[in-house]
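Coordinate inspection notes
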Protein chains: 2
Amino acid sequence: MSTSEIEQLIQLMSKLPGLGTRSARRATLFLIKHRESLLMPLGDAMAAAAENVKSCEVCGNLDTEDPCGICRNPARDRKTLCVVEDVSDLWALERAGVFSGQYHVLGGTLSALDGVGPEDLRVESLIRRVQEDEVTEVILALNATVDGQTTSHYLTDRLADEEADLTITRLAHGVPVGGELDYLDDGTLATALKSRRST
Amino acid sequence: MSTSEIEQLIQLMSKLPGLGTRSARRATLFLIKHRESLLMPLGDAMAAAAENVKSCEVCGNLDTEDPCGICRNPARDRKTLCVVEDVSDLWALERAGVFSGQYHVLGGTLSALDGVGPEDLRVESLIRRVQEDEVTEVILALNATVDGQTTSHYLTDRLADEEADLTITRLAHGVPVGGELDYLDDGTLATALKSRRST
């Protein structure tokens, strides 16, 4: 049928998250049909990213510079550190444009099941940053999953041990903005009711 | 937030069918995290495909050779020609491995709405092939859509005009193998009943 070159492209595309074999085939055909406008630029962009993008030694963000643009930005508050699980969470917060401090990307969560311990995450460098940069507040912006919350507990204990007068906060739980009560799970509703505020 | 190199990769990825901005972001992050095993090979595979894959002058298939591997294969029957809309249909038939003749990729269907006329498809080269290769049967394997069926009608007329003793066939309609009657549309059920066979 199709040649090894096309087959190989389909096979590699199908490894991407969200693409199965069928959609990888469709995407590959689309790529070949849009050779000038998509296939060639995308190949170049991938080569450039493979060459230039690296992990920031300070915070774990991905950037072409090390330290990354956020760590090097003098306008950002170094006293407030937001801890996230993954680079995608950092991107989400940056897109929202509501945080002007520094980040620290853990690189995952503690998980007994998957055998992920503190030594597999950027925990020691977090403690070191808190001490060296005289951080006053650490915001634990981990996912509201069991593993995320376990990790938050662990980090709270570790950080409280190291720095007695450090403020440690977490993101608020509640009804998502624009969310309908009808579609929310019981846990979120219970939390939202418990944390109710006077208007 | 992320640098222009990452942004550009996300933006190009989001142009692929089946990927929105969110899944393109996820795929890009996945690519960067699997630099050696996926990002670099995929970049190379795209460059290779952009360089080497071309449309077969004879049948319209995509291959690194022209004429393509199917057209050059002496074991395949040149007297039976299967007409398909798109390369993906050719691939589907080849995967099924049930056809050993030659293909002809039309490159779409006639569509008054989209302004696609016979001159926009590989119609003239189809007629020429039928005459020059002394084809005895043309199988119209177009999609069972309105445009596909309109195009089948048109091709039947054109081919019958040119070659009086040519057999022109279409794919059978009916219940898909493994399909449940309950989930089938009325049109398919009606066709399947009308075309019923004695066992």
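Residues numbered from 1 in each chain as written. Chains lettered and ligands numbered in written order. Predicted model: local features only at pLDDT ≥ 70, side-chain atom pairs only at ≥ 80, totals over all residues. Heavy atoms only, no water.

Things to note about the pattern of salt bridges
- What the rule picks out here adds up to 10 salt bridges over all chains.
- Note that glutamate 65 of chain B is salt-bridged to arginine 72 of chain B, the shortest N-O span being 3.4 Å. (Salt bridge = Lys/Arg side-chain N within 4 Å of Asp/Glu carboxyl O.)

Regarding the environment of serine 14 of chain B
All names here are of chain B.
- If you trace the backbone, serine 14 turns up in the loop between α1 (4–13) and α2 (21–33).
- Since its relative accessible area comes to 24%, serine 14 is described here as partly exposed.
- In this view, serine 14 contacts Leu19, Gly20, Thr21 and Ala24; residues no more than four positions away in its chain are not counted.
- At a separation of 2.7 Å, a polar atom in the side chain of serine 14 contacts the main-chain carbonyl oxygen of glutamine 11. (Helix = DSSP H or I, 4+ residues; strand = E, 2+ residues; numbered from the N terminus. Buried < 20%, exposed > 50% of the residue type's maximum accessible area, 1.4 Å probe, protein only. Contact = heavy atoms within 4.5 Å. Polar contact = N/O pair within 3.5 Å; in protein donor to acceptor, adjacent residues only side chain to side chain.)

Looking at a nonpolar patch on the surface
- Taken together, the side chains of Val175, Leu181 and Leu189 of chain A present a nonpolar region at the surface, about 230 Å² in accessible area.
- Mapped onto the elements, leucine 189 of chain A comes out in helix α8 (residues 186–194). (Patch = residues over 30% accessible without salt bridge, like charges linked within 9 Å, V, L, I, M, F, W, Y side chains within 5 Å. Areas by Shrake-Rupley, 256 points an atom, 1.4 Å probe, with all protein chains shown as cover.)

Structural notes on the sheet that holds strand β3 (residues 77–84) of chain B
Residue and element names in this part refer to chain B.
- Read from one edge of the open sheet, four strands run β4-β3-β5-β6, paired in parallel fashion. Both edges of this open sheet fall to β4 (101–105) and β6 (167–170), since each of them pairs with a single strand only. Averaged over neighbouring strand pairs, the angle between their axes works out to 25 degrees when direction is ignored.
- Both β3 and strand β5 (residues 137–140) contribute to a ladder of four bridges, which runs parallel. (Pairing = 2+ DSSP bridges. Axes fitted to C-alpha atoms, helices over the stretch in contact; angles between N-to-C directions.)

Some points on the relation of the copies chain B and chain A
- In the superposition of chain B on chain A (RMSD 0.1 Å, axial shift 0.0 Å), the rotation amounts to 180 degrees. Considering both components of the superposition, the chain copies are consistent with a two-fold axis. Distance from the rotation axis, computed per C-alpha, reaches its smallest value in chain B at glycine 43 of chain B: 2.2 Å.
- Comparing contact sets, 100% of the residues at the interface of chain B also lie at the interface in chain A, consistent with an isologous, same-surface contact. (Least-squares fit on C-alpha atoms with pLDDT ≥ 70 in both.)

Observations regarding the interface of chain B and chain A
- On the chain A side, the residues contacting the 46 residues of chain B number 46 residues.
- At the surface where chain B touches chain A, the tally comes to two salt bridges.
- The residue aspartate 86 of chain A makes a salt bridge to lysine 33 of chain B at a minimum N-O spacing of 2.6 Å.
- For the pair chain B and chain A, the number of links is eight residue pairs in polar contact (both at pLDDT 80 or more).
- Elements with a contribution of two residues or more to the side of chain B that touches chain A: α1, α2, α3 (35–52), β2 (62–63) and α5 (87–96) of chain B.
- When residues in the side of chain B that touches chain A are grouped by element, the largest group, 13 residues, is from α3 of chain B.
- In the side of chain B that touches chain A, the residues fall into 28 nonpolar, seven polar and 11 charged. (Nonpolar A, V, L, I, M, F, W, Y, C, P; charged D, E, K, R; others polar.)

Looking at the packing of aromatic side chains
All names here are of chain A.
- Evaluated as defined, the whole model comprises two aromatic pairs over all chains.
- Taken together, a centroid distance of 5.2 Å and an interplanar angle of 65 degrees make the contact between phenylalanine 99 and tyrosine 103 edge-to-face. In this pair, the class of phenylalanine 99 matches that of tyrosine 103, namely buried. (Phe/Tyr/Trp six-rings, centres within 6.5 Å; stacked < 30°, edge-to-face > 60°.)

Re the environment of valine 177 of chain B
- Residue position: valine 177 of chain B is located in the loop between β6 and α8 (186–194).
- As for valine 177 of chain B and aspartate 44 of chain B, which are separated by 133 residues in sequence, their C-alpha atoms are 39 Å apart.

Limitation: the analysis is restricted to geometry and does not speak to function.
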